[in-house]
Amino acid sequence: MSFVEYSDLIQDGDVAIVYLNHESMVPVKVQQGAQTQTRYGVIRHSTDLIGQRYGSKVTCSKGGWVYVLHPTPELWTVTLPHRTQILYTTDIATITMMLELKPGSIVCESGTGSGSLSHAILRTIAPTGHLHTVEFHQQRAEKAAEEFKEHRVDHLVTVRNQDVCKEGFGVTGVADAVFLDIPSPWEAVRHAKAAMKKQGGRVCSFSPCIEQVQRTCEALADQGFEEISTLEVLLRVHDVRTVSLPLPDFGPDPSAQTQPDSTEKTPPGQASVSLKTTTPPREIPGHTGYLTFATKPRT
Ligand SMILES: C[S@@+](CC[C@H](N)C(=O)[O-])C[C@H]1O[C@@H](n2cnc3c(N)ncnc32)[C@H](O)[C@@H]1O
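As a starting point, this report considers the structure included with it. (Residues numbered from 1 in each chain as written. Predicted model: local features only at pLDDT ≥ 70, side-chain atom pairs only at ≥ 80, totals over all residues. Heavy atoms only, no water.)

Take P248: it is sitting in the loop between β13 (239-246) and β14 (272-279). Expressed as a C-alpha distance, the spacing of P248 and F148, which sit 100 residues apart in the sequence, is 61 Å. (Helix = DSSP H or I, 4+ residues; strand = E, 2+ residues; numbered from the N terminus.)

Below is the structure:
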């Protein structure tokens, strides 16, 4: 298993995602001899996981069952241990596309935070790209580096424990794209420019507040960035359900042929039609942040 390559079988040392139900999944570090408790009973790694195929349905000790899934950045985002606020897949998908990331891209990112976005970047730029990620909180930087190793993507990423606003990304003239998720991104814009290739590239900054966006846009314009645009992406998840709608009773149909011996007449007022439909959400997920994109032109 690796977060950038698929394997069929679960192996000792893998990180597997245990799917309990639609709203509940947990990451499990697979270890010979280890056990994981779930509400459906115990999963014994040696017999229930190691050697089984990813996607298998595993019966737990109390007779309930779970599915064991191969990890992906999307599953990791919804199961990872939070050390900070994280980016979710709706924003991540837009960032990946608008930064024009692809296999081989060189990307700079700060801060690493909980590594939610980092995993998605790594999957996209593998097998030949590289991520330079900067985190000034020492324990977060160390934990991220440890996770990248556990997830077998450490050859694709360099974690630097420094202040991106003061010391930059630790690389010059190499990046195709730069991403910022820090409280004062405008202080890192000149470092973003310095990290990027002469041929130019794309930059994105994520900020919850519009005042942060204003200052970042000003800094981007001052540094010669072009095509500056800010957008927000909102997700609406629909539930699929069967609904039963009563049919209006318009009285007897005068054109219908009457069959006096018919026994299958619907009593008036009780006819209904059953159909599958989607229902819009009762609550709309709130604001996450504004995404400001810009292009560094060739210099
Ligand atoms: C909101 S989190 C980033 C979350 C990340 N995008 C994710 O998806 O998991 C912001 C991180 O930036 C770090 N940070 C803030 N200012 C920084 C700076 N000037 N240099 C480096 N890291 C910084 C914080 O310590 C924090 O871990």
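Looking now at the environment of Q31. By secondary structure assignment, the location of Q31 is in the loop between β2 (24-29) and β3 (35-38). Q31 gets classed as partly exposed once you look at its relative accessible area, which sits at 41%. It is 9.1 Å that separates the C-alpha atoms of Q31 and L49, two residues lying 18 residues apart in sequence. What Q31 contacts, discounting residues up to four positions off in sequence, is D12, H45 and I50. (Buried < 20%, exposed > 50% of the residue type's maximum accessible area, 1.4 Å probe, protein only. Contact = heavy atoms within 4.5 Å.)

A full pass over the atoms with the stated rule returns three aromatic pairs. Seen from their ring centres, W65 and Y67 are 5.4 Å apart, and the 70° between their planes marks the pair as edge-to-face. By relative accessible area, Y67 is classed as partly exposed at 30%. Three or more aromatic residues link up through ring pairs in this structure, and these residues are Y19, W65 and Y67. Over the ring of W65 we find K57, and its NZ or CZ is 4.2 Å from the ring centre. (Phe/Tyr/Trp six-rings, centres within 6.5 Å; stacked < 30°, edge-to-face > 60°. Lys NZ or Arg CZ within 6 Å of the ring centre and 35° of its normal.)

The next point concerns the site of the ligand. Taken together, 24 residues form the shell around the ligand, and within it E135, R140, D163, V164 and D181 come nearest. Within the contact set of the ligand, an oxygen atom lies 3.2 Å away from a backbone nitrogen or oxygen of S116. Between the ligand and F136, the relevant distance is 3.1 Å, taken from a nitrogen atom to a main-chain nitrogen or oxygen of the residue. Protein contacts shield 91% of the accessible area of the ligand, which totals 610 Å² for the unbound molecule. (Near = heavy atom within 4 Å. Polar contact = N/O pair within 3.5 Å; in protein donor to acceptor, adjacent residues only side chain to side chain. Areas by Shrake-Rupley, 256 points an atom, 1.4 Å probe, with all protein chains shown as cover.)

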